[in-house]
2 protein chains.
Amino acid sequence: MGSGLKRQGRVGIRDVAKAAGVSPTTVSHALSGKGRISKRTRNRVIEKAEKLGYKPNRSAQQLVTGNSGLIALYAGNSSTPTGRLTSALPDYPFIMNIAMSASVEAIEQGLSMALSSQTSEASGLLQMGVDGAVIVDPEVKDPVNEEFFEAGLPVVTVGRVLGVPEEMNEHWVDVDHNKVTIEVLEHLKKRGAKRVAVISAPVGPSYVNDSLEGYKAWCESTGQEPIFHTLEGRDYEQETRRVTKVLLDEKDRPDAIFCHLQPVSVEVLRAVIAEGLSVPDEIMVATMSDDNKVNNLDGSGMPDLTGCNLHPEQVAREAVRMLASLIAGEEPANRHVYVPAEITARESTNRK
Amino acid sequence: MGSGLKRQGRVGIRDVAKAAGVSPTTVSHALSGKGRISKRTRNRVIEKAEKLGYKPNRSAQQLVTGNSGLIALYAGNSSTPTGRLTSALPDYPFIMNIAMSASVEAIEQGLSMALSSQTSEASGLLQMGVDGAVIVDPEVKDPVNEEFFEAGLPVVTVGRVLGVPEEMNEHWVDVDHNKVTIEVLEHLKKRGAKRVAVISAPVGPSYVNDSLEGYKAWCESTGQEPIFHTLEGRDYEQETRRVTKVLLDEKDRPDAIFCHLQPVSVEVLRAVIAEGLSVPDEIMVATMSDDNKVNNLDGSGMPDLTGCNLHPEQVAREAVRMLASLIAGEEPANRHVYVPAEITARESTNRK
DNA sequence: ATGAAAGCGCTAACAT
DNA sequence: ATGTTAGCGCTTTCAT
C-alpha cells in the first residue's frame with residue numbers, strides 16, 4: 001500500500017446521492033450533464049455536491065472511460081537556436097510561463113501534464129498513452145505533429161501550423177500578433193516616430209508572418225516605406241549589432257525600432273546608446289515578446305523597454321481547456337481562439 | 001465517452017495470467033514483488049508480460065491503492081529576484097531543465113507531475129490530492145514546506161533546508177557544490193592562478209554555503225587569503241560591475257574570478273574586457289551554474305565561459321525516483337543523494 | 001426522469 | 001506458493 005491511506009472520509013458520489021435523496025446514477029448524470037434530468041433535481045444535486053465538497057475521483061473516472069488523464073505539452077526546440085548566449089532568452093521565460101500555466105489548468109481540468117521538448121520524448125509519451133497534446137510553436141516538418149495526428153489523438157497548437165491543410169491543424173490558440181503589432185506602430189507614431197524599422201525573428205512560427213503582415217499593412221496605410229530585417233537566428237547578438245549599425249547609418253535614419261524578440265531589443269538598446277544616440281528622444285525601441293520579470297531594466301543604465309503583454313498564461317489555459325474538451329469528446333466552443341494582447345508602454349518609447 | 005475508445009486490445013493482467021498459466025493475483029505479485037512467489041514462476045510471468053507488452057493501467061492501480069498518481073514540483077520564487085534583466089537568467093534554464101527531466105522521470109515512474117512556482121498554487125495542489133512533492137531550493141520560511149510536512153506527505157528537496165531539525169528534511173538530492181568548487185579552484189591554480197576571488201550568489205540556498213565553505217577550506221589549505229563578495233541580489237548587473245571594479249582596482253589584484261551565477265560571470269567578463277584586461281591571460285573567469293546552451297559565447301566577441309556541469313537532469317530524476325519510493329511506501333535506497341558535478345573547462349580559463 | 005446492476009483493471013484480504 | 005473473492009469510485013447500458 002502506498003501512503004494513500006485510503007483517503008479517509010473523502011466524499012464520494014454515493015454520499016452526494018444520499019444527501020440529495022437520489023441514486024448515484026442521477027448524481028453522475030446531473031454533474032456531467034449527460035442524462036435527462038429535471039432542472040430541479042439537477043440543481044439540488046449540484047448544490048449538495050458543492051456543500052459536501054465533492055471532488056470526483058479521477059482515477060475511477062479514467063478507469064471507466066479508458067482515458068489516461070495525461071496530456072503532453074510539447075515545446076519543440078525549433079525556436080530555440082542553440083549555442084548562443086542570447087538565443088536562449090526568448091524561449092525559456094515564455095515556455096516556462098506557458099508550462100506553468102498549462103500545468104495548473106490541466107490539474108483544474110482533471111488532467112495532468114507531461115512536459116517534453118524533444119521528439120523522442122514526445123513519441124515516448126504517445127506510447128505511454130497520453131490522451132492528447134498541446135504543441136507550442138509547431139513546425140510543419142516536425143514529426144511530432146504527424147505522429148499525434150496519425151494516432152488520431154487530439155492536438156491543440158499554440159500558434160498555427162502554416163502551409164498545411166486545415167484538417168491537419170483544426171484546433172489552435174494564438175495571439176493576435178498582427179493587431180498588437182499595429183498597436184505598437186500606432187503608439188510609436190503617436191509618440192512622434194516618423195520612420196519605424198522592424199527587426200524580425202527568423203521565419204517559421206506563424207507569429208513572424210502575422211506581425212510582418214501587420215507592419216506591411218500599416219506601412220501601406222500610412223505611406224511609410226517598409227524597412228525591415230529578418231534575423232537568420234545563427235547569432236542574435238552579432239546579427240543584431242550588424243543590422244542596427246546598418247539602420248543607424250542610413251541617410252534617412254529610422255527614429256524607432258520594433259523587434260520581435262526581447263533580447264534583440266536589448267542588444268539594439270545597447271548598440272544605439274553605444275552609438276551616442278539617446279533613447280527615446282532620438283530613437284525609440286520596442287519589443288513584441290515581453291517578460292515583465294525581464295524588461296524592467298532600471299539600474300542597468302538602460303531605459304525600461306516597451307513591450308507587449310502577450311498573456312502567455314491565458315494562452316496556455318485556453319489551449320489546455322480546448323484540449324480537455326476534445327478529450328472529453330465534446331466539440332469545443334471555438335476551434336480557433338485569439339487571445340488579445342496589448343502594449344505595455346515603458347521608458348524606451350516615452351518621447352515627450 | 002472520451003476519445004479513449006476503450007484502448008482496444010490492450011493487454012491486461014488477465015492476458016498475462018492466461019499466457020503464463022497462473023492467476024491474475026500471481027501476476028500482480030510477481031510484477032510488484034509483493035507476495036511470496038517462486039523464482040521460476042516469477043520469471044515466467046515477467047517474461048510473458050514483456051513479450052505481450054503488458055503495461056499496467058495506472059488508473060486502476062491508483063483507484064485501488066487510493067493514490068492520485070500526481071506529484072508537485074515546487075520551484076519557489078525565492079531564488080528568482082524579480083524586476084531585473086539578468087536575475088531571470090540563472091533560474092529559468094535551471095528550473096526548465098529540472099522540470100523537463102522530472103516530468104519525464106515521473107512518467108516513467110507511473111506518476112504525473114504538476115509544476116508550481118507559487119505558494120498558492122502549491123497549496124491548491126495539496127488540496128487536489130497530490131501524493132507528494134519535490135521542492136527545489138527550499139527555503140526555511142516558505143510555508144509550502146510546512147504544509148506538506150504537516151499533511152504527512154512525502155517530500156524530497158533539491159538542495160537541503162538549512163537550519164531545521166533533520167526530521168523536517170529527511171530526504172534530499174543535492175549536488176556536491178563543495179567538491180566541485182574545489183575542483184574549479186584546483187583547475188584555476190593549475191592554469192597558473194595565484195589569487196582567486198569569488199563572487200557569491202545571495203545567501204539562502206544551501207549551495208551558496210557549500211561552495212563558500214569549499215572555497216574557505218581551499219584557501220586555508222593553499223594559504224591564499226580569501227577574497228569574496230556576496231551579492232545582495234537587488235541588481236545583479238550593477239552590483240557585479242561595482243564588485244568587479246573593486247576587485248580589479250586592488251593593489252594585489254586577483255588573477256581569477258569564480259562566480260556562482262552564470263549571468264554574473266558574463267557581466268564580469270564584460271567588465272574585465274572593458275577594463276582593457278585580457279581573458280584568460282590576465283584574468284581567468286569561471287562560473288558554477290552553467291548551461292551549455294548559454295555558455296558558448298563565441299560570436300559575441302567574448303571567450304567561452306568555463307563552468308560546471310551540475311547535471312540538473314540527473315538531480316531531477318533522482319529526486320523523483322526517491323519520491324516515488326516514498327509514495328510507494330518503500331524506504332528509498334538512500335535518503336540523501338549527492339549527484340556528482342564536474343568542471344567544463346572552456347576558453348575563459350585556458351591560460352597557456 | 002430516475003434507478004439497478006454490471007464492470008472498467010487492478011490489488012489485497014483471505015483462503016487453500 | 002498460488003488462487004478466490006471482493007471491492008476501489010465511477011460511468012453506462014438497460015429497465016422502469
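Right, let's walk through the structure included here. (Residues numbered from 1 in each chain as written. Chains lettered and ligands numbered in written order. Predicted model: local features only at pLDDT ≥ 70, side-chain atom pairs only at ≥ 80, totals over all residues. Heavy atoms only, no water.)

**A short note on the pairing of strand E2 (residues 112–116) of chain B**
Here is step 1 of the chain: The element E2 of chain B is extensively covered by neighbouring structure, given that five of its five residues are classed as buried.
Here is step 2 of the chain: Of the two faces of E2 of chain B, the one carrying Ser-112, Ala-114 and Ser-116 of chain B and the one carrying Met-113 and Leu-115 of chain B are both buried. (Buried < 20%, exposed > 50% of the residue type's maximum accessible area, 1.4 Å probe, protein only. Helix = DSSP H or I, 4+ residues; strand = E, 2+ residues; numbered from the N terminus.)

**Details of the protein's contact with DNA strand C**
Here is step 1 of the chain: Neighbouring DNA strand C are 22 residues, the closest being Thr-25, Thr-26 and Thr-41 of chain A together with Ile-13 and Thr-25 of chain B.
Here is step 2 of the chain: Near the protein, within 4 Å, the atoms of DNA strand C are sugar or phosphate in 65% of cases.
Here is step 3 of the chain: Between DNA strand C and Thr-26 of chain A there is a distance of 2.6 Å, counted from a phosphate oxygen to a side-chain nitrogen or oxygen.
Here is step 4 of the chain: Here a phosphate oxygen of DNA strand C sits 2.8 Å away from a polar atom, N or O, in the side chain of Gln-61 of chain B.
Here is step 5 of the chain: Those elements that provide at least two residues to the surface near DNA strand C are helix H2 (24–32) and helix H4 (58–65) of chain A together with helix H2 (24–32) and helix H4 (58–65) of chain B.
Here is step 6 of the chain: Counting residues per element, the surface near DNA strand C draws most heavily on H4 of chain B, at three residues.
Here is step 7 of the chain: A breakdown of the residues in the surface near DNA strand C according to their chemical character gives 10 nonpolar, 10 polar and two charged. (Near = heavy atom within 4 Å. Polar contact = N/O pair within 3.5 Å; in protein donor to acceptor, adjacent residues only side chain to side chain. Nonpolar A, V, L, I, M, F, W, Y, C, P; charged D, E, K, R; others polar.)

**Examining helix H7 (residues 143–150) of chain B**
Residues and elements named next belong to chain B.
Here is step 1 of the chain: When H7 is considered as a whole, its buried residues turn out to be Val-144, Asn-145 and Phe-148. Taken around the axis of H7, the buried residues stretch over an arc of 105°, which confines them to a single face.
Here is step 2 of the chain: Its side-chain oxygen at 2.8 Å from the backbone nitrogen of Val-144, Asp-142 defines the N-terminal cap of H7.
Here is step 3 of the chain: Gly-152, located one to two residues past H7, shows a positive phi value of around 70°. (Arc of directions from axis to C-beta.)

**A word on the protein's contact with DNA strand D**
Here is step 1 of the chain: With respect to spatial proximity, 23 residues lie near DNA strand D, and among them Ile-13 of chain A together with Ser-23, Thr-25, Thr-26 and Thr-41 of chain B are the closest.
Here is step 2 of the chain: A breakdown of the atoms of DNA strand D within 4 Å of the protein gives sugar and phosphate a share of 67%.
Here is step 3 of the chain: Contacts to DNA strand D include Ile-13 of chain A, whose backbone N or O atom sits 2.5 Å from a phosphate oxygen.
Here is step 4 of the chain: Secondary structure elements with two or more residues in the surface near DNA strand D: H2 and H4 of chain A together with H2 and H4 of chain B.
Here is step 5 of the chain: Of the residues contributing to the surface near DNA strand D, the split by class is 10 nonpolar, 12 polar and one charged.

**Comments concerning the sheet that holds strand E7 (residues 227–230) of chain A**
Residue and element names in this part refer to chain A.
Here is step 1 of the chain: Sheet architecture is open: four strands sit in the order E7-E6-E8-E9, paired in parallel fashion. Across the chains shown, the open sheet's two edge strands, defined by having one partner strand only, are E7 and strand E9 (284–287). Across the sheet, the axes of successive neighbouring strands diverge by a mean angle of 15°, strand direction being ignored.
Here is step 2 of the chain: Along the sheet, helix H9 (residues 206–222) contacts strand E6 (196–200), E7 and strand E8 (256–259); its crossing angle with E6, the most-contacted strand, is approximately 165°. (Pairing = 2+ DSSP bridges. Axes fitted to C-alpha atoms, helices over the stretch in contact; angles between N-to-C directions. Contact = heavy atoms within 4.5 Å.)

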